[in-house]
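Structural characterization, general
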Amino acid sequence: MSALVRVVRLIDALNRTVGRIVAVMVLALMALIVAEVTLRYGFAAPTVWGTELSTFLFATYVLLGGGFALLNGDHVRMDVLYGRLPPRGRAALDVLTAPFALLYCYILLVEGGAMVVEAIATGRRHSTDWAPLLWPWLLALPVGAGLLALQAVAHIVRDAVRAATGRDLA
């Protein structure tokens, strides 16, 4: 059981670290948006790449932050029935619904990975004047799906222990 606890804690630490990095990097996105708005409306000189880069960065942050959100319970949940259940009942319901979350992560991982491979193989670029390579931005999809899947597995382990024993995983 102690090996299982170590793995769960390692997954938590990984997602916590990625989440903190992404949270700090949001400051760069904010600075970029302020600069772009200032250039566009203050000097009538928008950049070719500013809006596009901010879109790519935002999408990357959202995708990489999924595991962190799940770790902290910041995801959406239907609370009509769930909130009325005791902790063991909630844990059992989470274990029952977890395969759907894992299926979602699997599809994102496989399809996102295929998109990255195709973008690398073809040298695909965005169809704008800036024309950045797309694979670095697309890579956030399978990586984020992997982080989310790992955190889902950690939650399944915790919920299974809670449902079976009524206690939290040490």
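Whatever comes next refers back to the structure up there.
Every chain is numbered on its own, with residues counted from 1 as its sequence reads. Residues qualify for local features only when their pLDDT is at least 70, as the model is predicted, and side-chain atom pairs are given and counted only at 80 or more; totals for whole chains, interfaces and linings, by contrast, use all residues. Based on all heavy atoms of the structure, the side-chain values leave hydrogens and waters out of the count.

1. What to know about the overall build of the chain
Formally: In this text, helices come from DSSP runs of H or I with a minimum length of four residues, and strands from runs of E with a minimum of two, each type numbered from the N-terminal end. In this description the radius of gyration comes from C-alpha coordinates, and the expected globular size is given by 2.2 Å times residues to the power 0.38.
Helix and strand counts for the chain come out as seven helices and zero strands. Secondary structure elements of the chain, listed N to C terminal, follow the sequence α-α-α-α-α-α-α. The C-alpha atoms of the chain give 20 Å as radius of gyration, which overshoots the globular expectation for 170 residues (15 Å, by more than 25%). Overall, the chain is about 65 × 40 × 30 Å in size when its C-alpha atoms are taken along their principal axes.

2. Looking at the nonpolar core
Taken as a class, soluble globular proteins show a tendency for nonpolar side chains to be buried jointly. This is how the line gets drawn: Grouping buried Ala, Val, Leu, Ile, Met, Phe, Trp, Tyr and Cys residues that are joined through side-chain atoms within 4.5 Å yields what is termed a nonpolar core. For each residue, the accessible area found with a 1.4 Å probe, counting protein chains only, is set against the maximum for its type, and the residue is called buried under 20%, exposed over 50%, and partly exposed in between. A contact between two residues is defined here by any heavy atoms of the two lying within 4.5 Å.
In terms of nonpolar packing, the biggest core is built from ten residues, these being Val18, Val22, Leu29, Leu32, Leu53, Leu57, Tyr61, Leu64, Ala140 and Leu147. Listing elements by their share of this core, those giving two or more residues are helix H1 (2-42), helix H2 (50-64) and helix H7 (140-165). Ignoring any residue separated from it by four or fewer positions in sequence, one finds leucine 29 in contact with Ser54, Leu57, Phe58 and Tyr61. In this structure, Val5, Val8, Val161 and Leu169 belong to the second largest nonpolar core, which totals seven residues.

3. Let's talk about the packing of aromatic side chains
How we decide: A pair of Phe, Tyr and Trp rings is counted when the ring centres sit within 6.5 Å of each other, with Trp represented by its six-membered ring. The angle between the planes then sorts it: under 30 degrees is stacked, over 60 is edge-to-face, the rest tilted.
Evaluated as defined, the whole model comprises one aromatic pair. Taking the centre distance of 5.2 Å and the plane angle of 20° together, the rings of phenylalanine 56 and tryptophan 137 count as stacked. Here the residue phenylalanine 56 occupies a position in helix H2, and tryptophan 137 occupies one in helix H6 (residues 135-138), the gap between them amounting to 81 residues.

4. Here we look at unusual backbone geometry
Positive phi, close to 50°, is recorded for alanine 44, a residue that is not glycine. With respect to the element layout, alanine 44 can be found in the loop between H1 and H2. Its relative accessible area of 66% is what places alanine 44 among the exposed residues. The backbone of alanine 131 shows a phi angle near 50°, a positive value even though the residue is not glycine. Take alanine 131: it is sitting in the loop between helix H5 (87-122) and H6.

5. Regarding the packing of H1 against H7
Our working rule: Angles run from 0 to 180 degrees between N-to-C directions of axes, and those axes are lines fitted to C-alpha atoms, restricted for helices to the stretch in contact. Working rule for angles: under 35 degrees goes down as roughly parallel, over 145 as roughly antiparallel, 65 to 115 as roughly perpendicular, anything else as oblique. Take the far helix as the reference: if the near one is turned anticlockwise from it by less than a right angle, the crossing is left-handed, and if turned clockwise, right-handed. Gly falls in the polar group here, along with every residue not listed as nonpolar (Ala, Val, Leu, Ile, Met, Phe, Trp, Tyr, Cys, Pro) or charged (Asp, Glu, Lys, Arg).
It is the contact of H1 with H7, at a shortest axis distance of 9 Å, that shows an interaxial angle of 140°. Relative to H7, H1 is oriented oblique. Crossing of H1 against H7: the hand is left-handed. Along its contact with H1, which presents Leu4, Val8, Ile11, Asp12, Leu14, Asn15 and Val18, the element H7 presents Leu147, Leu150, Gln151, Ala154, Val157 and Arg158. Of the residues in the contact of H1 with H7, the class split is nine nonpolar, two polar and two charged.

6. Considerations on the pattern of salt bridges
Convention followed: Think of a salt bridge as a Lys or Arg side-chain nitrogen and an Asp or Glu carboxyl oxygen that are within 4 Å of each other.
Taken as a whole and assessed by the stated rule, the structure comprises five salt bridges. Taking the shortest distance from any N to any O, the salt bridge between glutamate 36 and arginine 40 comes out at 3.2 Å. With a gap of four residues between them, glutamate 36 and arginine 40 both fall in helix H1, about one helical turn apart. In this structure, the salt-bridge partner of arginine 124 is glutamate 118, at a minimum N-O distance of 3.7 Å. For glutamate 118, a relative accessible area of 35% corresponds to the partly exposed category.

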